Amino acid sequence: MKPLHILVLSVLGLSFGATAHAAQSGKDVYAQTCALCHAAGVAGAPRFANTTDWAPRLAAGTPKLYDSAIKGTAKGMPAKGGNTTWSDAEVKAAVDHMLASVKSAKPDTAAKAAPAGGAVPAAEPAPLPAAAPPVAVATPAPTATGADVNAFNRLLKPVGKRNPPPPEDGIHDPSNDGTHALLPPLTAYAGLPKSFAGNRVNWVDSLSSKKINPRWDRIDAAADPIVMDLNIVREVKGSMPDVVYPHKQHTEWLDCSNCHPAIFIPQKGANAISMAAILMGEKCGVCHGKVAFPVSECRLCHSKKKDIVRPAVAQTAAPK
Ligand code: HEC
Ligand code: HEC
Ligand code: HEC
Ligand code: HEC
């Protein structure tokens, strides 16, 4: 968990003055956007400086990798990492930075072997373990395979693995006859508004267009939710747009007690929320990536453009 933490600090540090957006180096773009997934390998993203992860991709050639990074892929790489304010050139520079990490990883492996041969003074402390995958996450690991159904981000599934029929979804018991009587999701979702993420249904639109009419109370068919229309804006440092948290869309589905007070203290600004926490399945990540749209949909949360009048000092002060 620690490396993610450090990473977030560097995100904050590097992003001052970035709003005006003078061209950024590949390293900066990586730190501000790509590292969110590529440091720890979220959702199967090839990890920074991990030769094993990158080997099969390198074979496709750099132009293909630029293309995937700019346009995104069906297997979970969002276009430009979800931040479309980056220029194509900046995204390419970030790819170059990532590829360089894999190339520089080779000498490091050699260095590891060296002390055994006695060629390197043993006293020399290993500097930064640049080639080591930065994270040994303590949480249940097999997210990419979906073996653990509660594992982080099980909504970021490869094509063909989405919305499997109930006996194959890893949630329902295949040995129970009732499971086979359930309507498969693909059939059930056929008439609903589409989205590009999660289980490919836009649930907010499905509800507001009355395509579905879920019962609020299991026993009382006439009960209605208490819908509260209150937006909370959370300012985000750096170049990402601010986050608008809408109570309306949430309270149409959820009870106040689903969030208050266990996940969020009901007071604006009283909760420390970070992307790292969300990626680890805390705060907004208790639901998003599990039962609500996943973190790849940056724009749905980061929906408020910044008022970009920043003092010119910020630009000139930015060292890189
Ligand atoms: C929300 C998580 C996420 C973010 C943020 C993200 N990536 Fe990815 N990336 C992925 C995943 C998941 C894959 C593997 C998808 C696949 O195999 O197609 C991937 C794959 C890639 C690949 C390999 C594509 C291929 O064709 O093999 C490149 C290159 C890449 N990302 C570059 C970037 C760059 C550059 C950024 C920052 C501008 C970035 N990524 C940000 C999740 C992310
Ligand atoms: C999906 C989670 C969620 C649900 C459900 C939810 N809230 Fe909230 N609520 C939040 C978040 C997030 C904040 C902002 C906290 C912050 O900024 O630190 C918040 C803030 C608040 C605030 C503080 C507003 C302010 O200006 O200080 C009140 C009051 C509140 N909620 C009441 C409710 C009530 C009443 C309900 C049910 C009708 C409800 N909430 C349902 C997540 C939720
Ligand atoms: C208790 C579960 C839960 C928590 C916690 C939660 N959400 Fe949600 N959120 C949902 C559900 C369910 C929906 C509606 C289904 C969907 O869009 O996938 C939703 C919808 C949304 C939408 C509406 C998108 C649209 O299409 O209009 C936004 C924006 C959003 N969430 C942001 C957040 C943010 C930001 C946080 C953290 C501050 C958060 N949510 C925390 C469950 C949750
Ligand atoms: C479910 C809602 C949600 C989604 C989806 C989401 N974010 Fe965030 N993000 C947040 C919240 C909430 C914060 C904390 C804002 C604050 O400081 O109060 C945040 C903060 C950030 C920050 C500031 C540094 C930090 O870690 O706190 C960055 C950078 C960021 N997000 C990038 C992204 C990128 C890139 C994506 C898409 C790959 C993304 N976010 C998707 C809700 C979301």
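Up top is the structure.
This is a predicted model, so every value here is computed, not measured.

Asker: Just checking my understanding: could you explain the site of ligand 1 for this structure?
Answerer: Close to ligand 1 lie 25 residues, the nearest being Cys 34, Cys 37, His 38, Ser 68 and Met 77. Contact distances for ligand 1 include 2.8 Å between an oxygen atom and a side-chain N or O atom of Arg 57. Taking Thr 73, its side chain carries an N or O atom lying 2.6 Å from an oxygen atom of ligand 1. Those elements giving two or more residues to the shell around ligand 1 turn out to be α2 (26-38), α3 (51-58), α4 (62-71) and α5 (88-117).

Asker: Got a minute to help me understand the coordination of the iron atom of ligand 3 in this structure?
Answerer: Octahedral six-donor coordination of a metal ideally yields angles of 90 or 180 degrees, compared with 109.5 degrees for tetrahedral four-donor coordination. Here the iron atom of ligand 3 is held by the protein donor atoms His 250 (NE2) and His 288 (NE2), which lie 1.9 to 2.0 Å from it. Around the iron atom of ligand 3 sit 6 donor atoms; with metal-centred angles ranging over 85 to 179 degrees, the donor geometry is octahedral. Separated by 38 residues along the polypeptide, His 250 in helix α9 (residues 247-251) and His 288 in the loop between α11 (275-279) and α12 (298-301) bring together distant segments of the chain.

Asker: For this particular structure, what's the right way to read the coordination of the iron atom of ligand 2?
Answerer: The iron atom of ligand 2 binds to the protein through His 247 (NE2) and His 260 (NE2), with metal-donor distances spanning 1.9 to 2.0 Å. Coordination geometry of the iron atom of ligand 2: the 6 donor atoms subtend angles of 87 to 179 degrees at the metal centre, consistent with an arrangement described as octahedral. With His 247 in helix α9 and His 260 in the loop between α10 (256-259) and α11, this residue pair connects regions lying 13 residues apart in the sequence.

Asker: In this structure, what is going on with the site of ligand 4? I would like to understand it.
Answerer: Residues in contact with ligand 4 amount to 20 residues; listed here are only the nearest, Arg 234, Met 275, Cys 298, Cys 301 and His 302. Backbone polar atom of Met 275 to an oxygen atom of ligand 4: 3.1 Å apart, as the coordinates give it. The side chain of His 302 places a nitrogen or oxygen atom 2.8 Å from a nitrogen atom of ligand 4. Mapped by element, the contributors of at least two residues to the shell around ligand 4 are α1 (2-15), α11 and α12. By residue class, the composition of the shell around ligand 4 is 13 nonpolar, 4 polar and 3 charged.

Thresholds, definitions, all that
Residues numbered from 1 in each chain as written. Chains lettered and ligands numbered in written order. Predicted model: local features only at pLDDT ≥ 70, side-chain atom pairs only at ≥ 80, totals over all residues. Heavy atoms only, no water. Near = heavy atom within 4 Å. Polar contact = N/O pair within 3.5 Å; in protein donor to acceptor, adjacent residues only side chain to side chain. Helix = DSSP H or I, 4+ residues; strand = E, 2+ residues; numbered from the N terminus. Donors = N, O, S within 2.8 Å, 3.2 Å for Na, K, Ca; no water. Tetrahedral: all angles 85-135°; square planar, octahedral: opposite > 155°, others 65-115°. Nonpolar A, V, L, I, M, F, W, Y, C, P; charged D, E, K, R; others polar.

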